Amino acid sequence: MTGHRKTWLGTVVLLALAPVLAMAPTAAGTTPPGPSCATTHEPSGRQAREIAGIVREVRRELGLKAVLAKVTVGGREVVTTADGEAVAGVAATPDRRFRAGGVAIGYLSTILLQLVDEGRADLDAPVSRWLPGLKHGDRITLRMLASSTSGLYDYVPDPGFLKALHDDPFRPWTSREVVGISLRQPLWYTPGTNWNYSHANFHLLGAALEKITGTHLDRLIRERIVRPLHLRATTNSFTPEMPGPVLHAFSNERGLHEESTYWNPSWTIHPGSVLTSDICDVARSAEAIGSGELISEEAYRTLLDPGTVGKGGPTATCPATVCRAQTEASHYGLGMVVKDGWVFQNPLFSGYGETMAYLPEKKVAIAVATTIGPSSPATNTSEAVASRIAAVVAPGHPLFGRG
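Analysis parameters
Residues numbered from 1 in each chain as written. Predicted model: local features only at pLDDT ≥ 70, side-chain atom pairs only at ≥ 80, totals over all residues. Heavy atoms only, no water. Disulfide = S-S within 2.5 Å. Helix = DSSP H or I, 4+ residues; strand = E, 2+ residues; numbered from the N terminus. Expected span 1.5 Å × (residues − 1). Buried < 20%, exposed > 50% of the residue type's maximum accessible area, 1.4 Å probe, protein only. Polar contact = N/O pair within 3.5 Å; in protein donor to acceptor, adjacent residues only side chain to side chain. Salt bridge = Lys/Arg side-chain N within 4 Å of Asp/Glu carboxyl O. 1 Å grid on protein atoms, 1.4 Å probe; cavity = no way out; pocket = protein on both sides within 12 Å on 5 of 7 lines; lining within 4 Å. Points joined across faces, edges and corners; volume = space filled by probe spheres on them. Nonpolar A, V, L, I, M, F, W, Y, C, P; charged D, E, K, R; others polar. Axes fitted to C-alpha atoms, helices over the stretch in contact; angles between N-to-C directions. Left-handed = near helix turned anticlockwise from the far one by under 90°. Contact = heavy atoms within 4.5 Å. Pairing = 2+ DSSP bridges. Phe/Tyr/Trp six-rings, centres within 6.5 Å; stacked < 30°, edge-to-face > 60°. Lys NZ or Arg CZ within 6 Å of the ring centre and 35° of its normal. pLDDT = per-residue confidence, 0-100.

Participant: Could you give an account of the state of the cysteines, with specific residues and numbers?
Facilitator: Scanning the model with the defined rule gives one disulfide in all. Linked covalently through their sulfurs, Cys 37 and Cys 280 form a disulfide whose S-S length is 2.0 Å. A torsion of 75° about the S-S bond marks the disulfide between Cys 37 and Cys 280 as right-handed. Here Cys 37 is found in the loop between α1 (2–22) and α2 (46–61), whereas its partner Cys 280 is found in helix α9 (residues 279–291), with 243 residues between them in sequence.

Here you go:
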C-alpha cells in the first residue's frame, strides 16, 4: 500500500512540475482588450447608492483595510465600488487583483461536468481509473471528490501542517506533500456516506481532470472557462507572483499584523488553478457558474444536487471542530455551496476574504473581496458585506443566514 501511494504521488509531482518546465508563460491567458474593471463613478439609483454605503459602513465597522464589491441583476451592473486602501496611501479600486482561492473550485466542477456532457468522464467511476495506485482510489469516485464526500482527511487543520505553514508562509508546497498528509491519515468515514471539506479533494480532482483530457489544468481553465466567459483579469501562476494592480493583503494569524500578499498559495489547490482575479471577473463567474451557463441543463441539476449526502451530521471520526460547517448550509453541490437558493463559494486564506454568490431565482450576482486591519475579526469579513447587500437586492433571500 505504501508503495502504491509513493507511485501515485510521484506522478502528481511530475504533473505539477511539467507545466513549469515546459511552458514559459505563467498566465492562464493574456488579457484581451477592453475596458478595465472600474468604479461606477456616480452610482445611479437607490440600490446602487445603498450598496456603496454598505461597503463604506462595514469597512469602518470591522476595521477593514479595503472592500471591493460588484453586484449585477440579470447580467446588468447595479454597482461596482471600492472603499479603503489597497496599500498604505493608495486608494483601493475595483481593478485591483487578488487571489481567487476557492473560486477556482467552481471552475473545476464545471470542467468536470463539461467532460461528463461530452461522454469523456463518468461521475461514478473510481478515480483510480485515472490515478492508478492512489490509496482508496478504488473506493472514491469523481463525484465524491467534487462533492466533498470522499472521507479524506483535510490537511489544512493538521497541527503539523499549520506549524510548517506559520513557520514559513513563503514555502512552496507540492501536491505530493499536502495530499500525502491527508493520505497518511485514516479516512474519516466510508467514502460517500458523509460530508467534510477537504482541500485534498480538489488537488486530486485537478490531477484527474489533467489525466482525463491529457491537458494541463491551467490550459483547461483558460480554454473552457476564461475565454468563453471573457474573463480579462483571471490568470494562473506557478509562483506567488500577482499581476498588477494588486490589492495587498494583511494577516493576523501568526500573532502580529503583517503583510501577507505574497505568501505562497501553492498549498491551496492543484497547480494550474492557483488563480488571481478582480472583482468584475468574480461577479461574472458567479453568474456563469451559478446559472450553469457553460454546461447542459442535466449537468446543472447535478451541480446543484449531486445526489450525495451533501452535509450530514458529524461522525465519530470527523472532528466536530472541522465538520461543524456541515450544519451551516443546506447542501454542498459539486464544488459549490447551495443554501436558501444561493449558489456560492466563500474562500478565506492568507488575509483575503471573498464571496462569490448567485441567486438563480432573481438572477442576482454578488462579488465581494475584503482585506483586514489589525483589529478586524478572525472571520471571512466579506460575508458580512455580502449579507447586507443581499438584503438590499434580494429581500427575503438572506445570504449566510443574515441580512
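The structure having been displayed, the exposition proceeds.
Participant: I'd like a description of α9, backed by residues and values.
Facilitator: Spanning 13 residues, α9 covers 18 Å between terminal C-alpha atoms, matching the ideal 18 Å at 1.5 Å per step. Most of α9 is tucked away, with eleven of its 13 residues classed as buried. Within α9 the residues assigned to the buried category are Ile 279, Cys 280, Asp 281, Val 282, Ala 283, Ser 285, Ala 286, Glu 287, Ala 288, Ile 289 and Gly 290. Measuring from the side-chain oxygen of the N-cap residue of α9 to the backbone nitrogen of Cys 280 gives 3.2 Å; that N-cap residue is Asp 278. Gly 292 sits one or two positions beyond α9 and adopts a positive phi of about 70°.

Participant: Can you break down the pattern of salt bridges residue by residue, with the values?
Facilitator: The final tally for this structure, using the stated rule, is 14 salt bridges. When the shortest N-O distance is used, the salt bridge between Arg 388 and Glu 61 registers 2.6 Å. Placement of Arg 388 in helix α12 (residues 382–393) and of Glu 61 in helix α2 is noted, with a sequence separation of 327 residues between them. Assessed through its relative accessible area of 33%, Arg 388 is described here as partly exposed. Among the ionic pairs, Glu 287 bridges to Arg 284, the shortest N-O distance being 3.4 Å. One end of the pair, Glu 287, and the other, Arg 284, are both in helix α9, three residues apart, so they sit about a helical turn from each other.

Participant: Which residues make up empty space enclosed by the protein, and what are the values?
Facilitator: Under the criterion given, the structure shown has one cavity of 30 Å³ or more. Space inside the largest cavity adds up to approximately 50 Å³. Forming the walls of the largest cavity are Arg 99, Ala 100, Gly 101, Pro 265, Thr 268, Ile 269, Ser 273, Val 274, Leu 275 and Phe 349. Partitioned by chemical class, the residues of the lining of the largest cavity number six nonpolar, three polar and one charged.

Participant: Describe helix α3 (residues 103–117), naming the residues involved and giving the relevant values.
Facilitator: Helix length check: α3, at 15 residues, gives a terminal C-alpha distance of 22 Å against a target of 21 Å (1.5 Å per residue), a fit within 8%. Counting buried positions along α3 gives 13 out of 15 residues, so the element sits mostly inside the fold. Gly 119 sits one or two positions beyond α3 and adopts a positive phi of about 75°.

Participant: Kindly report on the packing of α3 against helix α7 (residues 199–213), identifying the contributing residues and their values.
Facilitator: Between α3 and α7, whose axes approach to 11 Å, the crossing angle comes to 35°. The hand of the α3/α7 crossing is left-handed. In contact with Ile 105, Leu 108, Ile 111, Leu 112 and Leu 115 of α3, α7 contributes Phe 202, Leu 205, Gly 206, Leu 209, Ile 212 and Thr 213. Class assignment for the residues of the contact of α3 with α7 results in nine nonpolar, two polar and no charged.

Participant: Break down the sheet that holds strand β4 (residues 98–99) for me, citing the residues and quoting the values.
Facilitator: Overall, antiparallel pairing links the three strands, which are arranged β4-β8-β5 in an open sheet. The strands lining the two open edges of the sheet, one partner per strand, are β4 and β5 (235–236). Of the strand pairs in this sheet, β4 and strand β8 (residues 275–277) are connected by two bridges, and their pairing is antiparallel. Bridge assignment links Arg 99 to a residue of β8, and that residue is Thr 276.

Participant: Break down the environment of Ser 251 for me, citing the residues and quoting the values.
Facilitator: With respect to the helices and strands, Ser 251 occurs in strand β6 (residues 250–251). For Ser 251, a relative accessible area of 2% corresponds to the buried category. Expressed as a C-alpha distance, the spacing of Ser 251 and Ser 350, which sit 99 residues apart in the sequence, is 6.3 Å. Not counting residues within four places of it along the chain, the set of residues in contact with Ser 251 comprises Leu 256, His 257, Glu 258, Ser 260, Trp 263, Gly 351 and Ile 372. A distance of 3.1 Å separates the side chain of Ser 251 from the backbone nitrogen of Glu 253, its partner in a polar contact.

Participant: Kindly report on the packing of aromatic side chains, identifying the contributing residues and their values.
Facilitator: Two aromatic rings, taken as a pair, are described by how far apart their centres are and by the angle between their planes. If you walk through the whole model with that rule in mind, you get eight aromatic pairs. Ring centres of Tyr 155 and Phe 161 lie 5.4 Å apart, and the angle between their planes is 80°; this geometry places the pair in the edge-to-face category. Phe 161 matches Tyr 155 in its accessibility class, with the two residues each being buried. Relative to Phe 349, the ring of Trp 267 lies with its centre 6.1 Å away and its plane at 90°, an arrangement referred to as edge-to-face. In this pair, Trp 267 is assigned in the loop between β7 (258–259) and β8 and Phe 349 in strand β12 (residues 348–349), connecting sequence segments 82 residues apart. Residue classification places Trp 267 among the buried residues on the basis of a relative accessible area of 8%. What links up through ring pairs into an aromatic cluster is the set Tyr 155, Phe 161, Trp 173, Trp 267 and Phe 349. Taking NZ or CZ as reference, Lys 65 lies 4.5 Å from the ring centre of Phe 250, over its face.

Participant: How would you sum up the confidence of the model for the protein? Please name residues and give values.
Facilitator: Per-chain confidence: the protein averages 88 in pLDDT, with 84% of residues scoring 70 or above. Note that pLDDT drops below 50 for residues 1–34; the model gives that stretch 49 contacts with residues more than four away or on any other chain. Low confidence marks residues 321–329, where pLDDT is under 50. Its contacts with residues over four positions away, or in another chain, come to 19 contacts.

Participant: Please provide a residue-by-residue account of the pairing of strand β13 (residues 352–359), values included.
Facilitator: Of all eight residues in β13, eight are buried, a share of seventy percent or more. Across three bridges, the pairing between strand β11 (residues 342–345) and β13 is antiparallel. Following the sheet pairing, Val 343 is matched in β13 by Tyr 358. Pairing analysis gives two bridges linking β12 to β13, with the strands arranged antiparallel. Note on β13: the bridge partner recorded for Phe 349 is Tyr 352. Between the antiparallel neighbours β12 and β13 lie two residues, among them Ser 350 with a positive phi of about 50°. Where β13 lies against strand β14 (residues 364–372), eight bridges are found, and the strand directions are antiparallel. Counterpart to Gly 353 in the pairing with β14 is Thr 370. Linking β13 to β14, which pair antiparallel, is a turn of four residues; within it Lys 363 sits at a positive phi near 55°.

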